[in-house]
Amino acid sequence: MNKGFAHLTVCAVLLSLSGCISTFNPVSNDIKFKPKTMAVVAGLDSEQNVQMAQAMSESLRKYTRFQVMTHKQVAQKLPGYPPSIQGPWKSAYFEIEVDYPKTDMKKVRSIQQQLGVDYLYVLWTPSETVYNRKIHSLNVIGQMFENGKEVGNGRFNATAGRTDCCLVPAPDSKDKADAMKDTSDYVAREIGGKTGMLKQ
């Protein structure tokens, strides 16, 4: 997929949903984020979720001042990675119906303790919406924790496919991987900006 077009697609999707979706928001204006250690973890045992977590790890390392553990290090430190963590939603079919208190905080705290990081960012990809078999939109929801307490959350989509025209092939695995990377870059910059941790 053309990278310029992919970036526009990501932005268009995020902006079109901005009325009800926010990529990341701190839970309180009183929280002071610091350039401490962080790990990004897949909340579900699925290939797409692991790919999304890996892409986000790389983007946060690139664009923010958080000391982000590599995804390989996360997998090495957590036996049986990826874990399966009850996520913050009531349902997740065409879109995610958010319910943040449903998250399994006991498991989150256990994982954060095992990794020994100050911040833990958990991403879940509970569903994918497909439009006319040509546009694939991965539904993503995330929560950030500091010392076992939620400090931020948000949801967004990683969308592959440019049009539902019958003459255009459906997105392949590379297109989907590119969409995850472009989306992760966008969201990482948003996180950096809203936490004051964006690299200059």
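Since we're looking at a predicted model, the values are computed, not measured. (Residues numbered from 1 in each chain as written. Predicted model: local features only at pLDDT ≥ 70, side-chain atom pairs only at ≥ 80, totals over all residues. Heavy atoms only, no water.)

A word on the packing of aromatic side chains
Applying the stated criterion across every chain, the model contains three aromatic pairs. Measuring from centroid to centroid gives 5.2 Å for phenylalanine 66 and tyrosine 119, while their planes differ by 70°, and the two rings are edge-to-face. Of the two residues, phenylalanine 66 sits in the loop between α2 (47–63) and β3 (67–68) while tyrosine 119 sits in strand β6 (residues 119–131), which places them 53 residues apart along the sequence. Residue classification places phenylalanine 66 among the buried positions, given a relative accessible area of 4%. For the pair tryptophan 89 and tryptophan 124, a centre-to-centre distance of 6.2 Å together with 75° between the ring planes defines the contact as edge-to-face. Of this pair, tryptophan 89 sits in strand β4 (residues 89–92) while tryptophan 124 sits in strand β6, and the two are 35 residues apart along the sequence. Grouping aromatic residues by their ring pairs yields a cluster made of Phe33, Phe66 and Tyr119. (Phe/Tyr/Trp six-rings, centres within 6.5 Å; stacked < 30°, edge-to-face > 60°. Helix = DSSP H or I, 4+ residues; strand = E, 2+ residues; numbered from the N terminus. Buried < 20%, exposed > 50% of the residue type's maximum accessible area, 1.4 Å probe, protein only.)

Thoughts on unusual backbone geometry
With an omega dihedral of 5°, the bond running from tyrosine 81 to proline 82 counts as a cis peptide bond. Counting through the fold element by element, proline 82 comes out in the loop between α3 (71–77) and β4. For asparagine 147, which is not glycine, the phi torsion reads 50° and is therefore positive. As for its placement among the helices and strands, asparagine 147 is situated in the loop between β7 (135–146) and β8 (149–160).

A few points about empty space enclosed by the protein
A complete count under the given rule lists one cavity of 30 Å³ or more for this structure. In terms of lining, the largest cavity is formed by Gln48, Glu128, His136, Leu138, Ala158, Ala160, Lys176, Ala179 and Met180. At the level of elements, β7, β8 and α5 (173–195) are the ones that each hand at least two residues to the lining of the largest cavity. Examining the composition of the lining of the largest cavity, we find that three residues originate from one element, α5, more than from any other. Class assignment for the residues of the lining of the largest cavity results in five nonpolar, two polar and two charged. (1 Å grid on protein atoms, 1.4 Å probe; cavity = no way out; pocket = protein on both sides within 12 Å on 5 of 7 lines; lining within 4 Å. Points joined across faces, edges and corners; volume = space filled by probe spheres on them. Nonpolar A, V, L, I, M, F, W, Y, C, P; charged D, E, K, R; others polar.)

Here we look at helix α4 (residues 105–115)
For α4, the set of buried residues is Val108, Ile111, Gln112 and Leu115. Relative to the axis of α4, the buried residues are bounded by an arc of 100° and lie together on one face. Opposite the packed face of α4, turned more than 90 degrees from it, sit the exposed residues Lys106 and Gln113. N-capping of α4 is provided by aspartate 104, with a side-chain oxygen placed 3.3 Å from the backbone N of lysine 106. Once α4 finishes, glycine 116 follows within two positions and takes phi at roughly 65°, a positive value. (Arc of directions from axis to C-beta. Polar contact = N/O pair within 3.5 Å; in protein donor to acceptor, adjacent residues only side chain to side chain.)

Function cannot be read off these values alone, since they describe shape.
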